[in-house]
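Understanding the architecture of this molecule
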Amino acid sequence: QVQLVESGGGLVQAGGSLRLSCAASGRTFSSYAMGWFRQAPGNQRELVAGITVGGYTKVADSVKGRFTISRDNAKNTVYLQMNILKPEDTAVYYCAADKQYLKVVVSTTPDYWGQGTQVTVSS
């Protein structure tokens, strides 16, 4: 069982930056692939970025060059650095975990989810 708690969301102006954090419980964090997803009102939840146990990353085309995912296994934490934010990045951002990387980045059905954190980008 893994529990995930996101933090770092908020209101920011277009062009600004935010860093989201996701703290995971348990002693096996390093064995889980992690991902960040987002869902805007009226839209389906979509993958933003994923990271393997070994640190290989995948980033959605819509945020490539602006967002970076990273992990610190010593702190049981995964991060999403978001730069050059745009109004269309406004959404609830969710952290997710699964032992299978493909369930995070391909089928987007990871077993564990956080409660979400709101990111609002004003124009």
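Residues numbered from 1 in each chain as written. Predicted model: local features only at pLDDT ≥ 70, side-chain atom pairs only at ≥ 80, totals over all residues. Heavy atoms only, no water.

1. Concerning unusual backbone geometry
Even without a glycine there, the phi angle at Asn 76 is positive, about 55°. Mapping Asn 76 onto the fold places it in the loop between β7 (67-72) and β8 (77-82). The backbone phi angle of Ile 84 is positive, close to 50°, even though this residue is not glycine. On the secondary structure map, Ile 84 appears in the loop between β8 and β9 (91-98). (Helix = DSSP H or I, 4+ residues; strand = E, 2+ residues; numbered from the N terminus.)

2. Remarks on the nonpolar core
Among the nonpolar cores identified, the biggest contains 31 residues, and Leu 4, Met 34, Trp 36, Val 78, Leu 80, Met 82 and Tyr 93 are the most heavily contacted of them. Secondary-structure elements contributing two or more residues to this core are β3 (18-24), β4 (33-39), β5 (46-51), β7, β8, β9 and β11 (117-122). Excluding residues within four positions of it along the chain, Val 78 makes contact with Leu 20, Ser 21, Cys 22, Phe 29, Met 34, Trp 36, Ile 51, Ile 69, Ser 70, Arg 71 and Cys 95. Of all hydrophobic cores here, the second largest spans seven residues; its members include Ala 33, Tyr 101, Val 104 and Val 105. (Core = buried A, V, L, I, M, F, W, Y, C linked by side-chain atoms within 4.5 Å. Buried < 20%, exposed > 50% of the residue type's maximum accessible area, 1.4 Å probe, protein only. Contact = heavy atoms within 4.5 Å.)

3. Observations regarding the packing of aromatic side chains
The relative placement of two aromatic rings is captured by the distance of their centres and the angle of their planes. Applying the stated rule across the entire model yields four aromatic pairs. Ring geometry for Tyr 56 versus Tyr 101: centroids 6.4 Å apart, planes at 80°, classification edge-to-face. In this pair, Tyr 56 sits in the loop between β5 and β6 (57-59) while Tyr 101 sits in helix α1 (residues 101-105), placing the two residues 45 residues apart along the sequence. Taken together, the ring pairs connect Phe 37, Tyr 94 and Trp 113 into an aromatic cluster. The ring centre of Tyr 94 lies 4.1 Å from the NZ or CZ of Arg 45, which sits over that ring. (Phe/Tyr/Trp six-rings, centres within 6.5 Å; stacked < 30°, edge-to-face > 60°. Lys NZ or Arg CZ within 6 Å of the ring centre and 35° of its normal.)

4. Considerations on the pattern of salt bridges
Scanning the entire structure with this criterion turns up six salt bridges. A salt bridge links Arg 38 to Asp 89; the shortest N-O distance between them is 2.9 Å. Taken as a pair, Arg 38 in strand β4 and Asp 89 in the loop between β8 and β9 lie far apart in primary sequence, 51 residues in all. Residue Asp 89 is classed as buried on the basis of its relative accessible area, which comes to 1%. Across the pair Arg 66 and Asp 89 runs a salt bridge whose closest N-O atoms are separated by 2.8 Å. Placement of the pair is Arg 66 in the loop between β6 and β7 and Asp 89 in the loop between β8 and β9, with a sequence separation of 23 residues. The structure contains a network of salt bridges with shared partners spanning Arg 38, Glu 46, Arg 66 and Asp 89. (Salt bridge = Lys/Arg side-chain N within 4 Å of Asp/Glu carboxyl O.)

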